[in-house]
Amino acid sequence: MLTIKNLRASVEGKEILKGINLEVKAGEVHAIMGPNGSGKSTLANILAGKQDYEILEGEVTYLGQDLLQLSPEVRSRSGIFLSFQYPVEIPGVPMINFLKASVNEHRKFKNLAPLTAGEFLKLMRSKKEMLHLDTELTNRSVNEGFSGGEKKKNEIFQMAMLEPKLAILDETDSGLDIDALRIVAEGVNALKTPENATILVTHYQRLLDYIIPDFVHVLYSGRIVKSGGKELAFELEEKGYDWLKNGNEI
Amino acid sequence: MSIISEKATGTEQMVTLFEQNRGILNQGSSPILNRMREVSFKRFAQAGIPDFKNEDYKYTNLKPAFEKNYGQELVRDSGLINLNEVFKCNVPQLDTHLVFLVNGWFYKGNNPGAELPDGVVLGSLEQIANEHPELLQNHLNRQAGLSVDPFVALNTAFAKDGFFLFVPKSVAIEKPVQIINLLSSDQDLMVTQRNLIIAESGSRIKVLVCDHTLTLTSFLFNSVTEVYVGDDALVDVYTIQNHHNQSTTINSAFYRLQHNSNLVTGTVSLHGGLIRNNLNVTFSGDHAEASVNGISFTDKKQHVDNFTVIEHASPNCLSNQIYKNVLDDESTGAFAGRIHVARDAQQTNAFQRNNNVLLSDKARMQTKPQLIIDADDVKCSHGATVGQIDEDALFFLRARGIGEKEARMMLMNAFAHEVILKITIEPLRERIDELIEKRLSGEISRFHEQLFV
């Protein structure tokens, strides 16, 4: 589904990604772990199409297409979903208008007719229940006045509405209490199918207690220095990232 | 060395025009209009058309507009206007008491008087000044006459007609009164329009004013509106300005608020070559409130200047101003807001905010708050921002599949929405949201350009 080959990228002249290689297949869950500043969020943002980065080298193929050539909106419509680490507040844009526009853009891309108001509300209701989302939140402006936990839940709610092929969850666990974390994780697990894939970007192993990854990659200083199964996460939790710094890089 | 222009200055042209047409101006007009002419004319001739040396006109140069040669419609033209034609031009269609004016002259539309409550007068200023001078003689020019603005004096010198609205004590008009000001001519035209609204104590009215150009000829539109808001009265005045690029609009409004009254204004400058809005609120009674709002959209070489003066002359009043501007291309904007709290106006609350979004590198915005506070127990604040579209919000929307153009539109609508929310007529809010979308998508500009091809 997604192949990243030797991806190098910089921001304001500083090289952040120094040659990333990654292969994600349908049905897989990949966890990318690493300390602060290792380049995790940069990778997530580049995949979603944020334009603040300069690509120095490498290629990214998504479903046979050159991903880096696509605009963020086309990536989204093609099935890529980024759950933001810091979801923005957009005062004056009602959640419901935003979601409707988003869902219908996705449908248009697939040559489907837009949802009627009734169909849309029905879809929204069922997804809201799944995430135990406060009904009142969708009557507000996008993320405006939402708590940290509500913002993260709202991201997963949007994911549920759009049913992406490749979901990239950037630090979705940060700022969540244990109950919210469980709800979010249950949501992500419920959306998992053999046809879609998930990339979890996280600092802590905590989220991986709830969403079990097939692969764990350790990102350090712009490179994936170690890959393994889910046991790698436990090892990392036990020994800390210092373990990698002390000459254990592969 | 001074260079003497061969061309007559705008001031000279106006002086000549007045002197040549004195007879026509006075003819058919009520003495209460005519008696103000000479003194106002002198005041204008002395002051002349201001330039940047006049602090109040620092950011808006009206001299070029006055150097063109305009015709004047000093007597009422038969001017038949097809109302269907009018509504094609994006004038919001609502359930209203509708009247229209063409080139400053009042025409009765579908006889709105028939449905209005007893005692309400809605009609031609010229006619009512002649037939019932007692209705307006205590209010006409009582506020504007105190103004030092040369264009207000010019308006008073040339004023022949406009609309007059009188709402008697304790009468509420449920439906909004909609006034459509049309500019339509086969030659370049200067239009003077003079309006007066009197809302007696305890009355309630909502007024919607729609300014529109119907022909692509140049217009110089100089309008003055005085509004008297009596004790406990509730008055809303919303103005939608939608003129083409060859038009210059000077729109001066004066509001006097009496005890415990409430005013809401919304000035939506949708489109226009050059627009200058002078808005004055004077609190003459205590415990009155004014919510004064404006939003403008400019592109190409358009210019919009909102100049507000809030005079807190009485204690315990509240004024709240929000003005916003969205500027694209090489357009320019200005906001100057003066708040004066008089010595005795204790317990005044006066707030002002001006937020601006620049969509291009060449667009420019000038913003100047001015607080003059002579009382010692007041709450006043002001704030101004000039910025760009929030790139993070734009990326967020795009990352959810919404195209860049639509996403920008959403964000601009959202920016404007805070001002639109101040409008208390709900269907009007929706209409204005639609108009803003049309404005931002270029549809309104295209409409103006197609007028005369």
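Residues numbered from 1 in each chain as written. Chains lettered and ligands numbered in written order. Predicted model: local features only at pLDDT ≥ 70, side-chain atom pairs only at ≥ 80, totals over all residues.

**Some words on the overall build of chain B**
Summing up its helical and strand segments, chain B has 12 helices and 20 strands in all. Against the 2.2 N^0.38 benchmark of 22 Å for 453 residues, chain B shows a C-alpha radius of gyration of 21 Å, consistent with a compact globule. Taking the principal axes of the C-alpha coordinates as reference, chain B spans close to 65 × 55 × 55 Å. Expressed as a percentage of the 453 residues in chain B, the buried residues total 51%. Considering only residue pairs separated by 6 or more positions, chain B has 84% of its internal contacts joining residues 24 or more positions apart. (Helix = DSSP H or I, 4+ residues; strand = E, 2+ residues; numbered from the N terminus. Rg over C-alpha atoms; globule rule 2.2 N^0.38 Å. Buried ≥ 20, exposed ≤ 12 C-beta atoms within 10 Å, placed from the backbone. Contact = placed C-beta atoms within 7 Å.)

**Structural notes on the overall build of chain A**
Regarding its fold elements, chain A presents 8 helices and 12 strands. Against the compact-globule benchmark of 18 Å for 250 residues, chain A has a radius of gyration of 18 Å, which places it among compact chains. Looking at the 250 residues of chain A, the share that counts as buried comes to 41%. Look at the contacts in chain A between residues 6 or more apart in sequence, and 71% of them connect residues 24 or more apart.

**Remarks on the packing of helix α3 (residues 37-47) of chain B against helix α8 (residues 150-158) of chain B**
All names here are of chain B. Between α3 and α8, the shortest axis-to-axis distance is 8 Å and the interhelical angle comes to 145 degrees. The interaxial crossing formed by α3 with α8 has left-handed handedness. Residues R37, S40, F41, R43, F44 and A47 of α3 form the contact with α8, whose participating residues are P150, A153, L154, T156 and A157. Its residues assigned to classes, the contact of α3 with α8 shows 7 nonpolar, 2 polar and 2 charged. (Axes fitted to C-alpha atoms, helices over the stretch in contact; angles between N-to-C directions. Left-handed = near helix turned anticlockwise from the far one by under 90°. Nonpolar A, V, L, I, M, F, W, Y, C, P; charged D, E, K, R; others polar.)

**A word on the nonpolar core**
Residues I168(A), A199(B), V227(B) and V229(B) are the most contacted members of the largest nonpolar core, which totals 189 residues. In terms of residue count, helix α10 (residues 404-420) of chain B provides more of this core than any other element does, 9 residues in total. Once you skip the residues sitting within four places of it in the chain, I168(A) turns out to touch A44(A), L47(A), A48(A), F81(A), L82(A), S83(A), I199(A) and V201(A). Judged by nonpolar contacts, the second largest core, of 6 residues, contains Y323(B), A334(B), F335(B) and A336(B). (Core = buried A, V, L, I, M, F, W, Y, C linked by C-beta atoms within 7 Å.)

**Structural notes on the pairing of strand β1 (residues 2-11) of chain A**
Residues and elements named next belong to chain A. Inspection of the sheet shows β1 paired to strand β4 (residues 54-62) by 7 bridges, in the antiparallel sense. Note on β4: the bridge partner recorded for A9 is I55. Direction of pairing for β1 relative to strand β2 (residues 14-24): antiparallel, over a ladder of 8 bridges. Bridged to S10 within β2 is E15. Counting the residues in the hairpin turn of β1 and β2 gives 2 residues, including E12, whose phi is positive at 45 degrees. (Pairing = 2+ DSSP bridges.)

**A look at the sheet that holds strand β3 (residues 105-107) of chain B**
Residues and elements named next belong to chain B. With mixed pairing, 10 strands are arranged side by side in an open sheet as β3-β2-β6-β8-β10-β12-β14-β16-β18-β20. Every other strand in the sheet has two partners, leaving β3 and β20 (378-387) as the edge strands with one partner each. Sheet twist, expressed as the average angle between the axes of neighbouring strands with direction ignored, equals 10 degrees. Relative to strand β16 (residues 318-327), strand β14 (residues 289-298) runs parallel, the two being bridged by 10 bridges. What sits directly across from V292, in β16, is Q321. Against the sheet, helix α11 (residues 426-440) touches β8 (204-213), β10 (234-242), β12 (262-271) and β14, its axis set at about 25 degrees to β12.

**Here we look at the interface of chain B and chain A**
The partner chain A presents 19 residues to the 17 residues of chain B that form the contact. Of all the secondary structure elements, the ones that give two or more residues to the side of chain B that touches chain A are α9 (391-398) and α10 of chain B. With 7 residues, the single largest contributor to the side of chain B that touches chain A is α10(B). Grouping the amino acids of the side of chain B that touches chain A by side-chain chemistry returns 8 nonpolar, 3 polar and 6 charged.

**Digging into the sheet that holds β4(A)**
Residue and element names in this part refer to chain A. Across the sheet, which stays open at both edges, the 4 strands sit in the order β2-β1-β4-β5 with antiparallel pairing between neighbours. Edge positions in the open sheet fall to β2 and β5 (65-66), since each of these has one partner strand only. Here 2 bridges tie β4 to β5, and the two strands are oriented antiparallel to one another. Its bridge partner being in β5, T61 is matched across the sheet by D66. Along the sheet face, helix α1 (residues 40-48) touches β1 and β2 and points at about 70 degrees away from the line of β2.

**Here we look at the confidence of the model for chain B**
Residues and elements named next belong to chain B. Residue-level pLDDT values for chain B average 92, and 93% of them are 70 or greater. For residues 1-6, every residue scores under 50 in pLDDT, and the model assigns this stretch 0 contacts once sequence neighbours within four places are set aside. Scored as a complex, the prediction yields pTM 0.86 and ipTM 0.95. (pLDDT = per-residue confidence, 0-100.)

**A few points about helix α3 (residues 95-109) of chain A**
Residue and element names in this part refer to chain A. The end-to-end C-alpha distance of α3, which contains 15 residues, comes to 21 Å, matching closely the 21 Å that a straight helix rising 1.5 Å per residue would cover. Considered for burial, the residues of α3 that qualify are M95, F98, L99, A101, S102, V103 and H106. N111, located one to two residues past α3, shows a positive phi value of around 60 degrees. (Expected span 1.5 Å × (residues − 1).)

**Topic: the packing of helix α5 (residues 148-162) of chain A against helix α6 (residues 178-191) of chain A**
All names here are of chain A. With their axes 10 Å apart at the nearest point, α5 and α6 run at an angle of 10 degrees to one another. With respect to each other, α5 and α6 are oriented roughly parallel. Residues G149, K152, K153, I156, M159 and A160 of α5 pack against A180, I183, V184, G187, V188 and L191 of α6. The class makeup of the residues in the contact of α5 with α6 is 8 nonpolar, 2 polar and 2 charged. (Parallel < 35°, antiparallel > 145°, perpendicular 65-115°, else oblique.)

**Side note on the environment of L70(A)**
In this structure, L70(A) sits in the loop between β5 and α2 (72-77). Apart from residues lying up to four places away in sequence, L70(A) is in contact with G49(A), Q65(A), R75(A) and S78(A).

**What to know about the confidence of the model for chain A**
A low pLDDT means the predicted coordinates there should not be read in detail. For chain A, mean pLDDT is 91; residues scoring 70 or higher make up 98% of the total. The secondary structure element of chain A with the lowest average pLDDT is helix α8 (residues 242-248) of chain A, at 65, and the one with the highest is α2(A), at 97.

**Quick look at helix α7 (residues 231-239) of chain A**
Residue and element names in this part refer to chain A. The set of residues buried in α7 consists of L232, A233 and L236. Looking down the long axis of α7, one finds its buried residues gathered within 105 degrees of arc, a one-sided arrangement. Away from the buried face of α7 by more than 90 degrees, exposed residues E231 and E238 are located. If you follow the buried residues of α7, they end up packed against β3 (29-33), β11 (215-220) and β12 (223-228). (Arc of directions from axis to C-beta.)

**Describing the environment of K300(B)**
Residue and element names in this part refer to chain B. Considering the arrangement of structural elements, one finds K300 in the loop between β14 and β15 (303-312). K300 sits in the exposed class, given 11 other C-beta atoms within 10 Å. Along the sequence, K300 and N245 sit 55 residues apart, while their C-alpha atoms lie 8.9 Å from each other. Sequence-distant contacts of K300, that is, excluding residues within four places in its chain, are made with N245, D329, E330 and S331.

**Some points on unusual backbone geometry**
Of note, the phi angle at E12(A) is positive, near 45 degrees, even though the residue is not glycine. Residue position: E12(A) is located in the loop between β1 and β2. At N141(B), a residue that is not glycine, the phi angle is positive and equals roughly 65 degrees. For N141(B), a count of 25 C-beta atoms within 10 Å corresponds to the buried category.

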